[in-house]
Amino acid sequence: DSGVTQTPKHLITATGQRVTLRCSPRSGDLSVYWYQQSLDQGLQFLIQYYNGEERAKGNILERFSAQQFPDLHSELNLSSLELGDSALYFCASSASSASTDTQYFGPGTRLTVL
Amino acid sequence: AQKVTQAQTEISVVEKEDVTLDCVYETRDTTYYLFWYKQPPSGELVFLIRRNSFDEQNEISGRYSWNFQKSTSSFNFTITASQVVDSAVYFCALNPSGAGSYQLTFGKGTKLSVIP
């Protein structure tokens, strides 16, 4: 158990809908990262937050957004969902914003868009 | 730009055999970190090891060992006396330590099947 929690574990929804994925980092970690794992793209970095502020952006679609709250939990919002958004979404956390920190991953949320 | 290549898509071995998973990386940064993660069938990503670019010493942890060779840009992972529980997808990842480098760049993964 990495100490990173993600809810829900599974999510099934329809095209055009909006969903929210939630992540709680390990105790004491200030950085949260979101990754998407799909069969064709592999594991791809989406976005990073550090202590409530956006720190880095990767291949995140405009339909997707995220935020980190004062209690350091983070939410990833996915809107106008398309079939291609079906994937496993991981949250990871690390102690600081340093790229040298080890990122510990949560169990993931499996999103299925029908 | 960073790139991680895991040329072996799938490997099958019989239990108790040794197996090596290859990882080759590309980066222009002189300082960087390399990682291995394990993704068992249950789906979570489990951290295995972190190695910085200045430390080329091989590392052994139980049945696991890692061979880092900067000259060939490789960071290979060997499992000795494989067990069924080692069946998983293994990912190699790179994180440069330059400014603005925060995300892990992952390889495509190697699926290891250990047959009893």
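Details of the structure are given in the entry above.
Residues numbered from 1 in each chain as written. Chains lettered and ligands numbered in written order. Predicted model: local features only at pLDDT ≥ 70, side-chain atom pairs only at ≥ 80, totals over all residues. Heavy atoms only, no water.

**A look at the overall build of chain B**
Thinking step 1. For chain B, the count of helices and strands is 0 helices and 12 strands.
Thinking step 2. Overall, chain B shows an N-to-C arrangement of helices and strands of β-β-β-β-β-β-β-β-β-β-β-β.
Thinking step 3. For 116 residues, the compact-globule estimate of 2.2 N^0.38 gives 13 Å, and the C-alpha radius of gyration of chain B, at 14 Å, lies within 12% of that figure.
Thinking step 4. Expressed as lengths along the three principal axes of its C-alpha atoms, the size of chain B is roughly 45 × 30 × 20 Å.
Thinking step 5. Put simply, chain B has 116 residues, and 45% of those count as buried.
Thinking step 6. Carbon and sulfur atoms make up 48% of the accessible area of chain B, which totals about 5700 Å².
Thinking step 7. Between the averaged position of the 10 positive side-chain charges in chain B and that of its 12 negative side-chain charges there is a distance of 4 Å. (Helix = DSSP H or I, 4+ residues; strand = E, 2+ residues; numbered from the N terminus. Rg over C-alpha atoms; globule rule 2.2 N^0.38 Å. Buried < 20%, exposed > 50% of the residue type's maximum accessible area, 1.4 Å probe, protein only. Areas by Shrake-Rupley, 256 points an atom, 1.4 Å probe, with all protein chains shown as cover. Lys, Arg positive; Asp, Glu negative; His and termini not counted. Charge placed at Lys NZ, Arg CZ, Asp CG, Glu CD.)

**Things to note about the sheet that holds strand E8 (residues 74-78) of chain A**
Residues and elements named next belong to chain A.
Thinking step 1. Read from one edge to the other, the open sheet built from 4 strands follows the order E1-E3-E8-E7, with strand pairing classed as antiparallel. Both outer strands of the open sheet, strand E1 (5-7) and strand E7 (64-68), are each paired with one neighbouring strand and no more. Here the average twist between neighbouring strands, direction ignored, is 15 degrees. (Pairing = 2+ DSSP bridges. Axes fitted to C-alpha atoms, helices over the stretch in contact; angles between N-to-C directions.)

**A closer look at the state of the cysteines**
Thinking step 1. Applying the stated criterion across every chain, the model contains 2 disulfides over all chains.
Thinking step 2. Across the disulfide, Cys23(A) is cross-linked to Cys91(A) (sulfur-sulfur distance 1.8 Å). Of note, the bridge from Cys23(A) to Cys91(A) carries an S-S torsion of about -50 degrees and is left-handed in sense. One end of the pair, Cys23(A), is in strand E3 (residues 19-24); the other, Cys91(A), is in strand E9 (residues 87-94), and 68 residues separate them in sequence.
Thinking step 3. On the accessibility criterion, Cys91(A) (0% relative accessible area) is buried.
Thinking step 4. The residue that forms a disulfide with Cys23(B) is Cys92(B), at a sulfur-sulfur distance of 2.0 Å. Note on the Cys23(B) and Cys92(B) pair: the S-S dihedral is about -65 degrees, so by sign convention the disulfide is left-handed. One end of the pair, Cys23(B), is in the loop between strand E3 (19-21) and strand E4 (24-26); the other, Cys92(B), is in strand E10 (residues 88-96), with 69 residues separating them in the sequence. Both residues of the pair, Cys23(B) and Cys92(B), count as buried. (Disulfide = S-S within 2.5 Å.)

**Regarding the side chain of Asp86(B)**
Residue and element names in this part refer to chain B.
Thinking step 1. Checked against the element boundaries, Asp86 lands in the loop between strand E9 (74-79) and E10.
Thinking step 2. Side-chain polar atoms of Asp86 contact the backbone nitrogen of Gln83, separated by 2.8 Å.
Thinking step 3. In this structure, Asp86 is in contact with Lys38, Arg63, Tyr64, Ile79, Leu112 and Val114, ignoring residues within four places of it in sequence. (Polar contact = N/O pair within 3.5 Å; in protein donor to acceptor, adjacent residues only side chain to side chain. Contact = heavy atoms within 4.5 Å.)

**Considering the pattern of salt bridges**
Thinking step 1. All told, the structure shown has 6 salt bridges over all chains when counted by the stated rule.
Thinking step 2. Put simply, Glu59(B) and Arg51(B) hold a salt bridge, and the shortest N to O gap is 2.4 Å.
Thinking step 3. The network of salt bridges with common partners includes Arg63(A), Glu82(A) and Asp85(A). (Salt bridge = Lys/Arg side-chain N within 4 Å of Asp/Glu carboxyl O.)

**Notes on the interface of chain B and chain A**
Thinking step 1. Counting from both sides, the interface comprises 20 residues of chain B and, opposite them, 23 residues of chain A.
Thinking step 2. On the surface where chain B and chain A come into contact, there are 0 salt bridges.
Thinking step 3. At the boundary of chain B and chain A, one finds 3 residue pairs in polar contact (both at pLDDT 80 or more).
Thinking step 4. Looking at the side of chain B that touches chain A, the elements with two or more residues in it are strand E5 (32-39), strand E6 (46-52) and E10 of chain B.
Thinking step 5. If you tally residues by element for the side of chain B that touches chain A, the top one is E5(B), at 4 residues.
Thinking step 6. For the side of chain B that touches chain A, a count of residues per class yields 10 nonpolar, 7 polar and 3 charged. (Nonpolar A, V, L, I, M, F, W, Y, C, P; charged D, E, K, R; others polar.)

Interpretation in functional terms is not warranted from these geometric data alone.
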